[in-house]
Amino acid sequence: MLYFLQNENYKVGVESLGAELQHFIKLDEQLEFIWQADPNVWASHAPNLFPIVGELPDAMYKYQGKTYPMLRHGFARHKEFKLVDEHHDKLVFELTHDDETLAQYPFKFTLLVAYILEWNKLSVTYLVRCDDVHTMYFSVGGHPGFNVPFYPNENYTDYYLEFEQEETLSRHLLNAKGLQNGDTERVLQQERVLHLNHDYFEKDALVFKNLNSEKVTLSSITNPRSIEIEFQGFPYLGVWAKPGPSQFVCIEPWCGIAGRVGESGELEEKEGIQELRPKQAFERTFTITIL
């Protein structure tokens with residue numbers, strides 16, 4: 001079911017399946033900023049990633065001597081969430097463990113995804129609670145896709161990402177199975193601006209670690225409109241589009257990262273894994289602001 005937030009200038013739509021953001025519309029222009037999930041290109045809008053981010057070796061992991069299956073980005077994006085709080089400016093969705101999740105992920109949990117619209121800014125908050133008697137291991141992150149270009153008669157290469165601070169950045173390369181292969185490739189050298197180019201995505205996502213910036217802005221050289229994504233507390237950032245002439249870019253704040261070639265497969269040892277003891281909670285927020 002699709003739920004909406006709206007003020008005088010903006011309208012946001014969120015689907016209960018996956019608690020997925022589907023619309024962020026500037027009303028006076030009827031300008032949609034979220035990718036509309038063309039099934040011939042990429043059939044998602046902005047999935048929520050839990051309890052892993054990225055791919056695992058052989059789509060499985062080990063925990064306490066047992067092996068569990070887990071597909072790329074986890075199961076939350078395919079699960080129906082329950083709407084537990086609704087106001088004119090706020091929607092909160094909840095997912096809890098069930099028999100299907102326990103077969104893949106042997107932890108009792110609660111995942112809340114909250115959306116708050118304040119004028120031109122949408123906050124997306126993840127609250128993870130460990131409802132288990134054992135320490136829980138997980139990753140969580142966002143995967144919002146944005147239409148590029150914003151307007152007709154523009155080109156994809158008119159757009160660029162501007163980081164909050166100067167960055168010397170190398171992408172951490174992925175192999176054909178979506179795993180970190182240990183190689184890197186420099187994309188910025190004491191610079192702030194990364195120009196979009198479809199060629200980048202022939203090698204899958206741009207995966208960044210150890211950023212100085214906590215904000216990045218998607219802008220164009222041909223119009224004044226921008227989208228600012230702030231991701232304080234997220235140690236990894238992905239930038240991705242479908243290879244080829246796709247008309248979107250995903251800017252992805254992550255608390256977690258894809259597995260690595262040759263890793264042990266033990267969940268507790270996975271890079272970027274988060275840890276929660278019984279009854280503890282974990283909270284992170286990223287924001288999307290239309291400028």
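Computed from a predicted structure; not experimentally measured.

> Let's hear about the side chain of E252: which residues, and what values?
Within the secondary structure, E252 is located in strand β21 (residues 248–255). This buried residue, E252, is left without a salt bridge; R72 holds the nearest opposite charge, at 8.6 Å. Within the local environment of E252, its side chain forms a polar contact with the side chain of H143, the two groups lying 3.5 Å apart. Of note is the side chain of E252, whose polar atom sits 3.2 Å from the side chain of W254.

> Explain the environment of S213 to me, and be specific about the residues and the numbers.
Position of S213 relative to the elements: it lies in the loop between β17 (206–209) and β18 (215–220). On the basis of relative accessibility, which here comes to 2%, the residue S213 falls in the buried class. Sequence separation between S213 and E166 is 47 residues, and the spatial gap between their C-alpha atoms is 7.9 Å. Contacts of S213, omitting those with residues within four sequence positions, involve F163, E164, Q165, E167 and F231. A distance of 2.8 Å separates the side chain of S213 from the backbone nitrogen of Q165, its partner in a polar contact.

> Before we move on, can you summarise the pattern of salt bridges with the specific residues and values?
Pairing is possible between side chains that carry opposite charge, provided their charged atoms lie close to one another. With the rule as written, the count across this model stands at 12 salt bridges. Three or more residues joined by partner-sharing salt bridges are found here, namely K26, D28, E29 and R225.

> Any chance you could break down empty space enclosed by the protein for me, citing the residues and the numbers?
Enumeration according to the criterion identifies 2 cavities of 30 Å³ or more in this entry. Space inside the largest cavity adds up to approximately 50 Å³. The set of elements that each furnish at least two residues to the lining of the largest cavity consists of β11 (121–130) and β23 (281–290). For the lining of the largest cavity, a count of residues per class yields 9 nonpolar, 3 polar and no charged. Considered as a void within the structure, the second largest cavity measures approximately 40 Å³ in volume. The wall of the second largest cavity is formed by L56, P57, M60, Y61, E263, G265, E266, L267 and K270. Residues that form the lining of the second largest cavity fall into these classes: 5 nonpolar, 1 polar and 3 charged.

> Residue-level account of the layout of surface pockets, with values.
Estimated volume of the largest pocket: approximately 280 Å³. Lining the largest pocket are 19 residues; nearest its centre among them are R72, H73, H143, D204 and A205. Its residues assigned to classes, the lining of the largest pocket shows 10 nonpolar, 4 polar and 5 charged.

> Got a sec to walk through the sheet that holds strand β16 (residues 180–195)? Specific residues and values, please.
Overall, antiparallel pairing links the 9 strands, which are arranged β8-β9-β10-β11-β23-β19-β18-β15-β16 in an open sheet. The two strands at the open ends of the sheet, each matched to only one other strand, are β8 (82–87) and β16. The mean inter-strand angle of the sheet, taken between neighbouring strand axes irrespective of direction, is 20°. Pairing of strand β19 (residues 227–230) with β23, which is carried by 4 bridges, proceeds in the antiparallel orientation. Each residue of the ladder has a partner; that of E228, found in β23, is T289.

Rules and cut-offs
- Residues numbered from 1 in each chain as written.
- Predicted model: local features only at pLDDT ≥ 70, side-chain atom pairs only at ≥ 80, totals over all residues.
- Heavy atoms only, no water.
- Helix = DSSP H or I, 4+ residues; strand = E, 2+ residues; numbered from the N terminus.
- Buried < 20%, exposed > 50% of the residue type's maximum accessible area, 1.4 Å probe, protein only.
- Lys, Arg positive; Asp, Glu negative; His and termini not counted.
- Salt bridge = Lys/Arg side-chain N within 4 Å of Asp/Glu carboxyl O.
- Polar contact = N/O pair within 3.5 Å; in protein donor to acceptor, adjacent residues only side chain to side chain.
- Contact = heavy atoms within 4.5 Å.
- 1 Å grid on protein atoms, 1.4 Å probe; cavity = no way out; pocket = protein on both sides within 12 Å on 5 of 7 lines; lining within 4 Å.
- Points joined across faces, edges and corners; volume = space filled by probe spheres on them.
- Nonpolar A, V, L, I, M, F, W, Y, C, P; charged D, E, K, R; others polar.
- Pairing = 2+ DSSP bridges.
- Axes fitted to C-alpha atoms, helices over the stretch in contact; angles between N-to-C directions.

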